[in-house]
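# Overview (structure and organization)
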Amino acid sequence: MPTLGAIADDFTGATDLATTLVARGFRTVVTVGPASLVPPPAGGGGGEEDAVARGVLDADAVVVALKSRSAPVEEAVGDSLAALEGLRAAGCTRFYFKYCSTFDSTPQGNIGPVTDVLLDALGATGPTVVVPSFPATGRTVADGLLYVHGEPLELSPMRHHPLTPMRDSDVVRLLSPQTRRPVALVALGKVREGAAALRDALNAPELSGSLVVVDAVTEEDLGTIAAATADHPLVTGAAGLAVGLRGPRATAAAAPDPDTARAPAASRPGDPALVLSGSASSATRAQVAHARDAGLPSRKLDLDALRADFEAAVEDLVAFARSCWEESTDRPPLLYAVGDPADLETGDGDAAPGGVPASALVEKALAACAKRLVAAGARRVLVAGGETSGAVVTALAVRALAIGAPIAPGVTWASARSRVDGREHEVDLALKSGNFGSTDIFTEAWSTLA
Ligand SMILES: Nc1ncnc2c1ncn2[C@@H]1O[C@H](COP(=O)(O)OP(=O)(O)O)[C@@H](O)[C@H]1O
Ligand SMILES: O=C(O)[C@@H](O)C(=O)COP(=O)(O)O
């Protein structure tokens, strides 16, 4: 039965956290939303429901993937509370709210409002840590300032994010307008004094009930924070904080053996593969450019064509991908939205051409392509972008993801059952955060699948 329950505000974040938990010795399942946590009725609710319920029961940690990062605040809060209730019902006693290592949010939320309601629901009164640091992917926090590969967040490409542009680097200042609770900072010097000193500092009466941004620059710092907060009912942060956790499959004497907690691949080498990229991030743009230079067949989504005749434009993309498989299954076709910053449309809602915002249009188009191409035989699908992954996995009617072979820090293969066209298909999915992965990930990720 799981004891650690996590709520991730997007799908790439969910697999990012899950891959770290697996590496730390937790058998981990990602469920798509809280509904998949509900056990089937007595007598069995059917094959897939039973399998998901069994997977949850056998897990040490469960991560609920939500699409709440950019949702309206009420929706994000409601979904997160439902996830918390589901995790409690599944047996979890400790909780982890996973948000982006670049603190993706707006002055309205959703990091603050979700943290507030989770703490209310848990009746937690102590301090709660806020730890976006994830050194393995270049995210560090010093003096409360968030850096991305050494560059302050506000100067990083995240300032141009289409949904959550990050134009400040000060985490206390970013979080304060989002929460009802006081926000404080504990700086690196205190972390470096060790877990006992940090625990004492967090337990100071003046921090009671506060959200406390804690500096962390190295994995050792994260280990110290994890040790100092071992009795906190809720921790919040990126996946880095999980580096300091130790799961039941990690024996006291030995390092965790992640292979004991990893699921086998669902696909076979040579099965039809596909890359779907809705991400606008600079890392993904470099990956798209590399893939094209390396000869992956590619198509950029044509927003005008999608607005003019959505069905025909999607069918065209699907036909292109299928024709690529007929030629060779060695070079997966790439369907992508953004190759250059100039591709980004900034108009939203009524201001967008035809009243259809590009972000919604791209998500809908890539989700439709995924559905049709899985029905047509795709068994390995790499998706770039968190919002995009949410749309794709939802369209594929996937209920749970079993974490498999890691690809890069924060990126992993996961096997899943997709129900499209009334049939079940076993697929391997890699949900890549826009910002993660080496430049050659679209050509190299396949080699890590058995
Ligand atoms: N040309 C475009 N103009 C505006 N928004 C776009 C465009 N292409 C993609 N998008 C949207 O940008 C968002 C990217 O978010 P996400 O998928 O989380 O990836 P990332 O955070 O890496 O950029 C998605 O909602 C996607 O639909
Ligand atoms: O913590 C992170 O940076 C990632 O897990 C993540 O959430 C990134 O989000 P997207 O770039 O929107 O995929």
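Since this is a predicted model, take the numbers as computed values, not measurements. (Residues numbered from 1 in each chain as written. Chains lettered and ligands numbered in written order. Predicted model: local features only at pLDDT ≥ 70, side-chain atom pairs only at ≥ 80, totals over all residues. Heavy atoms only, no water.)

## A short note on the packing of helix 12 (residues 358-375) against helix 13 (residues 386-395)
Two quantities define a packed helix pair, namely the angle between the axes and the distance from one axis to the other. Stated formally: The axes used here are C-alpha line fits, helices contributing only the stretch in contact, and every angle between their N-to-C directions lies in the interval 0 to 180 degrees. Only runs of H or I of at least four residues qualify as helices and only runs of E of at least two qualify as strands under DSSP, and these elements are numbered from the N terminus. Reported orientations rely on four angle classes, namely roughly parallel under 35 degrees, roughly antiparallel over 145, roughly perpendicular from 65 to 115, and oblique for the rest. Handedness of a crossing is defined here by the sense of rotation of the near helix relative to the far one, left-handed for an anticlockwise turn of less than a right angle and right-handed for a clockwise turn. Contacts are residue-level and defined by heavy atoms, with any inter-residue pair within 4.5 Å sufficient. Three classes are used, and their members are as follows: Ala, Val, Leu, Ile, Met, Phe, Trp, Tyr, Cys and Pro are nonpolar, Asp, Glu, Lys and Arg are charged, and the others, Gly among them, are polar.
Where helix 12 contacts helix 13, the axes come no closer than 8 Å and their chain directions differ by 40°. As far as their axial angle goes, helix 13 and helix 12 are oblique. For the pair helix 12 and helix 13, the sense of crossing is right-handed. Facing Glu 363, Leu 366, Ala 367, Ala 370 and Lys 371 of helix 12, the residues of helix 13 in contact are Glu 387, Thr 388, Ala 391, Val 392 and Ala 395. Among the residues forming the contact of helix 12 with helix 13, the class breakdown is six nonpolar, one polar and three charged.

## Focus: the packing of aromatic side chains
Where we set the bar: When the centres of two rings from Phe, Tyr and Trp lie within 6.5 Å, Trp using its six-membered ring, the rings pair. Their planes under 30 degrees apart give stacked, over 60 give edge-to-face, and anything left gives tilted.
Counted by the stated rule, this structure contains four aromatic pairs. Between the aromatic rings of Phe 97 and Tyr 99, the centroid separation amounts to 5.4 Å while the plane-to-plane angle is 75°, which identifies the pairing as edge-to-face. Between Phe 134 and Phe 436 the ring centres are 6.1 Å apart and the planes differ by 75°, which places this aromatic pair in the edge-to-face class. Of this pair, Phe 134 sits in the loop between strand 5 (128-131) and strand 6 (139-142) while Phe 436 sits in the loop between strand 18 (423-432) and helix 14 (441-444), placing them 302 residues apart in sequence.

## Describing the site of ligand 2
Our working definition: The rule for a residue being near a molecule or strand is that one of its heavy atoms must lie within 4 Å of it. Polar contacts, as used here, are pairs of N or O atoms within 3.5 Å; protein pairs need one atom able to donate a hydrogen and one able to accept it. Residues neighboring in sequence count only if both atoms are side-chain atoms. For the accessible areas, the method is Shrake-Rupley and the probe is 1.4 Å, while residue cover comes only from the protein chains on display.
Taken together, 15 residues sit near ligand 2, with Thr 12, Asp 16, Arg 69, Ser 101 and Gly 386 positioned nearest. At a separation of 3.4 Å, an oxygen atom of ligand 2 approaches a polar side-chain atom of Asp 10. In the environment of ligand 2, an oxygen atom lies 3.0 Å from a nitrogen or oxygen atom belonging to the side chain of Lys 98. Across the complex, the protein chains shield 95% of the 350 Å² of accessible surface that ligand 2 would expose by itself. Looking at the shell around ligand 2, the element that brings in the most residues is helix 1 (residues 11-23), giving three residues. Among the residues forming the shell around ligand 2, the class breakdown is three nonpolar, eight polar and four charged.

## Observations concerning the site of ligand 1
As a matter of local geometry, ligand 1 sits amid 22 residues, with His 161, Ser 279, Ser 359, Glu 363 and Thr 388 nearest to it. Residue Ser 359 places a main-chain N or O atom 2.7 Å away from an oxygen atom belonging to ligand 1. The side chain of Thr 388 places a nitrogen or oxygen atom 2.6 Å from an oxygen atom of ligand 1. Surface burial for ligand 1 is 96%, taken as the share of its 560 Å² of free accessible area covered by protein chains. Listing elements by their share of the shell around ligand 1, those giving two or more residues are helix 12 and helix 13. Per-element tally for the shell around ligand 1: the top contributor is helix 12, with four residues. For the shell around ligand 1, a count of residues per class yields nine nonpolar, nine polar and four charged.

## A closer look at the domain arrangement of the chain
Our working rule: An automatic or database domain assignment is the source of the domain bounds shown. What counts as buried area is the accessible surface, traced by a 1.4 Å probe, that two parts surrender upon association, with contributions from both included. The working definition used for a salt bridge is a side-chain nitrogen of Lys or Arg within 4 Å of a carboxyl oxygen of Asp or Glu.
As far as domains go, the chain holds domain 1 (4-259) and domain 2 (273-448). Domain 1 puts 32 residues into the contact, and the matching count from domain 2 is 30 residues. Both sides of the domain 1 and domain 2 interface together cover about 2500 Å² of buried area, and 63% of this is carbon and sulfur. Our count for the contact surface shared by domain 1 and domain 2 stands at two salt bridges. Among the ionic pairs, Glu 387 bridges to Lys 67, the shortest N-O distance being 3.0 Å. On the surface where domain 1 and domain 2 come into contact, there are six residue pairs in polar contact (both at pLDDT 80 or more). At the level of secondary structure, the elements contributing two or more residues to the side of domain 1 that touches domain 2 comprise helix 1, strand 2 (28-32) and helix 2 (47-58). Here the element with the most residues in the side of domain 1 that touches domain 2 is helix 1; it accounts for seven residues. Split by residue class, the side of domain 1 that touches domain 2 holds 14 nonpolar, eleven polar and seven charged.

## Examining the confidence of the model for the chain
Rules: Known as pLDDT, the predictor's confidence for each residue is given on a scale from 0 to 100.
Averaged over the chain, the pLDDT score is 92; the fraction of residues at 70 or greater is 93%. Across the assembled chains, the prediction reports ipTM 0.97 with pTM 0.92.

## Observations regarding the nonpolar core
The condition is simple: Residues belong to a common nonpolar core when they are buried Ala, Val, Leu, Ile, Met, Phe, Trp, Tyr or Cys residues joined through side-chain atoms within 4.5 Å. The cut-offs for exposure are 20% and 50% of the maximum accessible area for each residue type, with area from a 1.4 Å probe on protein chains only; residues under the lower value are buried, those over the upper are exposed, and the others partly exposed.
Of all hydrophobic cores here, the largest spans 100 residues; its most connected members are Leu 429 and Phe 442. At ten residues, the largest contribution of residues to this core is made by helix 12. Looking at this core, you find at least three residues from each of domain 1 (4-259) and domain 2 (273-448). Residues contacting Phe 442, with those up to four places away along its chain left out, are Val 275, Thr 284, Gln 287, Val 288, Ala 291, Leu 296, Leu 334, Leu 382, Ala 384 and Lys 432. In this structure, Ile 7, Phe 103, Leu 153 and Val 171 belong to the second largest nonpolar core, which totals 42 residues.

## Remarks on the side chain of Arg 380
This is how it is decided: In this charge count, Lys and Arg are treated as positive and Asp and Glu as negative; neither His nor the chain ends contribute.
Among the secondary structure elements, Arg 380 is positioned in strand 15 (residues 380-384). No salt bridge is formed by the buried Arg 380; the nearest opposite charge belongs to Asp 428, separated by 5.2 Å.

## Quick notes on unusual backbone geometry
With an omega of 10°, the peptide bond between Gly 109 and Asn 110 qualifies as cis. Not every positive phi belongs to a glycine, and Asp 143 is a case in point at roughly 50°. Mapped onto the elements, Asp 143 comes out in the loop between strand 6 and strand 7 (145-148).

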